[in-house]
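Letter by letter, the chains look like this.
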Amino acid sequence: MSDEHKMTSQDKLVLGITLAAIFGGIFILGFIGLIVNIFG
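So, here's what we can say about the structure. (Residues numbered from 1 in each chain as written. Predicted model: local features only at pLDDT ≥ 70, side-chain atom pairs only at ≥ 80, totals over all residues. Heavy atoms only, no water.)

Here we take up the overall build of the protein chain. Each helix and strand in the protein chain was counted, giving 1 helix and 0 strands. With respect to the three principal axes, the spread of C-alpha positions in the protein chain is 55 × 20 × 5 Å. Evaluated residue by residue, the protein chain yields a buried proportion of 0% over its 40 residues. Total accessible area computed for the protein chain in this model is approximately 3,900 Å², and 73% of it derives from carbon and sulfur atoms. (Helix = DSSP H or I, 4+ residues; strand = E, 2+ residues; numbered from the N terminus. Buried < 20%, exposed > 50% of the residue type's maximum accessible area, 1.4 Å probe, protein only. Areas by Shrake-Rupley, 256 points an atom, 1.4 Å probe, with all protein chains shown as cover.)

Here's what the structure looks like:
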């Protein structure tokens, strides 16, 4: 393993998009389930 473990701005951008996609997907699925339970 090398000592080059500095986060570049692109790495931070990719990580942020990935985390946002994961949390957003979970939130949307939960929100859809909540709506289905209320109005279903």
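This part takes up a nonpolar patch on the surface. Among the surface-exposed residues, Phe-27, Ile-28, Phe-31, Ile-32, Leu-34, Ile-35, Val-36, Ile-38 and Phe-39 lie close enough to one another that they form a single nonpolar patch of about 970 Å² accessible area. Mapping Leu-34 onto the fold places it in helix 1 (residues 9–39). Given the relative accessible area of 46%, Leu-34 is considered partly exposed. (Patch = residues over 30% accessible without salt bridge, like charges linked within 9 Å, V, L, I, M, F, W, Y side chains within 5 Å. Salt bridge = Lys/Arg side-chain N within 4 Å of Asp/Glu carboxyl O.)

On to the packing of aromatic side chains, then. Evaluation of the coordinates by the stated rule reveals 1 aromatic pair. Taken together, a centroid distance of 5.9 Å and an interplanar angle of 15 degrees make the contact between Phe-27 and Phe-31 stacked. One end of the pair is Phe-27 and the other is Phe-31, both in helix 1 and 4 residues apart, which spans about a single turn. Here Phe-27 falls in the exposed class, since its relative accessible area comes to 59%. You can call Phe-31 partly exposed: its relative accessible area is 44%. (Phe/Tyr/Trp six-rings, centres within 6.5 Å; stacked < 30°, edge-to-face > 60°.)

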